[in-house]
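# Secondary and tertiary structure notes
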Amino acid sequence: MSTDTVNKDILRGGQFLVKETNCEDVFTLEDLSEEQRMMRDSTKEFVDRELWAHWERFENKDYAYTEECMRKAGELGLLSVAVPESYGGMGMGFVSTMLVCDYISGATGSFSTAFGAHTGIGTMPITLYGTEEQKQKYVPRLASGEWFGAYCLTEPGAGSDANSGKTKAVLSADGKSYSITGQKMWISNAGFCNMFIVFARIEDDKNITGFILENDPANGISMGDEEKKLGIHSSSTRQVFFNETKVPVENMLSERGNGFKIAMNALNVGRIKLAAACLDAQRRVIGEATKYANERIQFKTPIMNFGAIKSKIATMATNCYADESASYRAAKNIEDRIAMREAAGNTHQEAELKGVEEYAIECSILKVAVSEDVQSCTD
Ligand SMILES: Cc1cc2nc3c(=O)[nH]c(=O)nc-3n(C[C@H](O)[C@H](O)[C@H](O)COP(=O)(O)OP(=O)(O)OC[C@H]3O[C@@H](n4cnc5c(N)ncnc54)[C@H](O)[C@@H]3O)c2cc1C
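This report concerns the structure included in the present document. Chains are numbered independently. Their residues run from 1 in the order of the written sequence. The model is predicted, so local features are restricted to residues of pLDDT at least 70 and side-chain atom pairs to those at 80 or more, both for listing and for counting; the totals for chains, interfaces and linings are taken over all residues. Note: side-chain values were computed over all heavy atoms of the structure, leaving out hydrogens and water.

Numbered from the N terminus, helices here are DSSP runs of H or I no shorter than four residues, and strands are runs of E no shorter than two. The number of helices and strands found in the protein chain is 13 helices and 10 strands. We compute the radius of gyration from the C-alpha atoms alone; for a globule the expected value is 2.2 Å times N to the 0.38, where N is the number of residues. Since a compact globule built from 379 residues should have a radius of gyration of about 21 Å, the 22 Å found for the protein chain is in line with a globular shape. The principal-axis extent of the C-alpha atoms belonging to the protein chain is close to 80 × 50 × 35 Å. Throughout, exposure labels follow a simple rule: accessible area from a 1.4 Å probe, protein chains only, divided by the maximum for the residue type, with under 20% read as buried, over 50% as exposed, and the rest as partly exposed. Looking at the protein chain residue by residue over its 379 residues, the buried ones come to 50%. Here a residue-residue contact requires only that any non-hydrogen atoms of the pair lie within 4.5 Å. Considering only residue pairs separated by 6 or more positions, the protein chain has 73% of its internal contacts joining residues 24 or more positions apart.

This paragraph deals with the site of the ligand. Taken together, Tyr151, Leu153, Thr154, Gly159, Ser160, Trp186, Ile187, Ser188 and Ile232 form the complete shell of residues around the ligand. Between the ligand and tyrosine 151 there is a distance of 2.8 Å, counted from a nitrogen atom to a backbone nitrogen or oxygen. Here an oxygen atom of the ligand sits 2.9 Å away from a polar atom, N or O, in the main chain of leucine 153. The accessible surface values rely on the Shrake-Rupley method and a 1.4 Å probe; as for residues, cover is taken only from the protein chains in view. Within the complex, the protein chains bury 41% of what would otherwise be the 980 Å² of accessible surface of the ligand. Looking at which element gives the most residues to the shell around the ligand, the answer is strand S3 (residues 177–188), with three residues. Class assignment of the residues belonging to the shell around the ligand gives a composition of five nonpolar, four polar and no charged. In these notes, residues near a molecule or strand are those with any non-hydrogen atom within 4 Å of it. Side-chain atoms alone can form a polar contact between residues adjacent in sequence; in general such a contact is a pair of N or O atoms within 3.5 Å, and within protein one must be able to donate a hydrogen while the other accepts it. Note that Gly is not counted as nonpolar here; it falls among the polar residues with everything else outside the nonpolar set of Ala, Val, Leu, Ile, Met, Phe, Trp, Tyr, Cys and Pro and the charged set of Asp, Glu, Lys and Arg.

Each aromatic ring pair is characterised by the separation of its centres together with the angle its planes make. Note on aromatic pairs: the rings of Phe, Tyr and Trp (six-membered ring only in Trp) are paired at centre separations within 6.5 Å, and the planes decide the class, stacked below 30 degrees, edge-to-face beyond 60, tilted for the rest. If you walk through the whole model with that rule in mind, you get nine aromatic pairs. Aromatic side chains tyrosine 138 and tryptophan 147 sit 6.1 Å apart centroid to centroid with 45° between the ring planes, which places their arrangement in the tilted category. Accessibility classification places tyrosine 138 together with tryptophan 147 in one group, the buried group. Taken together, the ring pairs connect Phe46, Phe111 and Phe115 into an aromatic cluster.

All right, on to the packing of helix H5 (residues 94–104) against helix H11 (residues 307–343) then. It is at 8 Å that the axes of H5 and H11 come closest, and there the two elements cross at 145°. Contacts from Phe94, Val95, Ser96, Met98, Leu99 and Asp102 in H5 reach Ser327, Tyr328, Ala331, Lys332, Ile334, Glu335 and Ile338 in H11. Taken together, the residues of the contact of H5 with H11 break down into eight nonpolar, two polar and three charged. Here the axes come from fitting lines to C-alpha atoms, over the contacting stretch only for helices, and the angles between their N-to-C directions go from 0 to 180 degrees.

A separate point is the environment of phenylalanine 46. Mapped onto the elements of the fold, phenylalanine 46 is located in helix H2 (residues 34–51). In sequence terms phenylalanine 46 and glutamate 350 are 304 residues apart; their C-alpha atoms lie 32 Å from each other. Discounting residues that sit within four places of it in the chain, phenylalanine 46 has contacts with Leu51, Cys69, Lys72, Ala73, Leu76, Leu78, Ile104 and Phe111.

This part takes up the pairing of strand S5 (residues 209–214). Where burial is concerned, most of S5 is hidden: five out of the six residues are buried. Note: strand S4 (residues 195–202) against S5, six bridges, orientation antiparallel. Considered in S5, the bridge of methionine 195 is made with glutamate 214. In short, DSSP must find at least two bridges between two strands for them to pair. Connecting S4 to the next strand, S5, in antiparallel fashion are six residues, including glutamate 203 with a positive phi near 45°.

To continue, consider the state of the cysteines. Cysteine sulfur atoms that pair up within 2.5 Å are treated as a disulfide. The tally for this structure, following the rule as stated, stands at zero disulfides. The thiol sulfur of cysteine 363 is not disulfide-bonded, and the nearest other cysteine sulfur, from cysteine 101, lies at 12 Å. The class of cysteine 363 is buried, set by a relative accessible area of 1%.

Rendered as structure tokens:
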């Protein structure tokens, strides 16, 4: 990153509302570097070949195929884009991580849910809050797709009120391990994961605590059946039960009582990524809809010639263009802010957390707007 970029007066989070925007500072997809274009193209190639061409398998609850594709994505390095190089990842910038998330999510929500749960909430709590030993032990396996991760926060009585979970962590008499007991539900990737990020309460602590827990049925871990969902049919979603499951004390994430902060910060980064994950589906739907409208003849003319159809396609394209532009503009702001913080002495992890937090307004707007648009586009 050049000194110019580091020093430039980037609009801070939310300032687009009150400050003049310098047009040269607005990033667009035309500004992508050669490396970013190659990353986008190889992601798209993977999606066309492995996902788009086999959409029936995803509709028909082929959970094993989702897992197989996750493993192939790992072999191609697509699970490691955001992981620092020191832990076996590619250590690419925020815009590149958005690009991969965008293009990998276009063909099926089943795969994009598995991808998001693994690379986001399944891996990030360790890269952001893990000790050096925890990172060295778990992150390279997660980055390569040798292992898959899941995130256990939600419980029957703890959804939006995530800090109210009843899962308990009890310290052993010798002080060497915690025993975890409780019920988690709607856990993505549960059916094929090798490890969980689990949140549990120690004694009567105000806040929950995070743990890294390896998936071993012999250690008091059992699961419910796959949930019957209205969509994302091949994304594994199960209940997970912990019954006096032992976890060594060194697998606590960060400090006792810090779990709620970890849980929320992992979800913060997920907001803008969710917007990215709703972009390529719009591009693909617009392409398919346009093709169909040109081919389908009624009243002796392609239906594309009717005003109402043209208006629908135009609205779909308009929303997609606005969503794409706003998502990458915010992503580049975040990337620049991360670089500025790193230049000022923050670790990459601190810089990323703060960078995303600073653009919380943009991330929240994008999450809501882009997910609404992908819904109306497909309707
Ligand atoms: C497909 C799928 C995959 C999931 N994967 C995971 C996973 O991997 N790991 C995990 O931990 N969890 C997962 N979840 C759970 C998800 O995070 C929860 O569904 C979410 O936190 C909301 O909780 P809830 O569904 O219990 O809704 P509730 O909290 O019961 O909310 C119900 C309704 O009330 C509204 N509401 C709640 N509180 C307020 C308030 N204060 N003000 C106004 N309205 C309010 C909500 O907006 C919502 O409309 C998954 C869920 C689904 C459906």
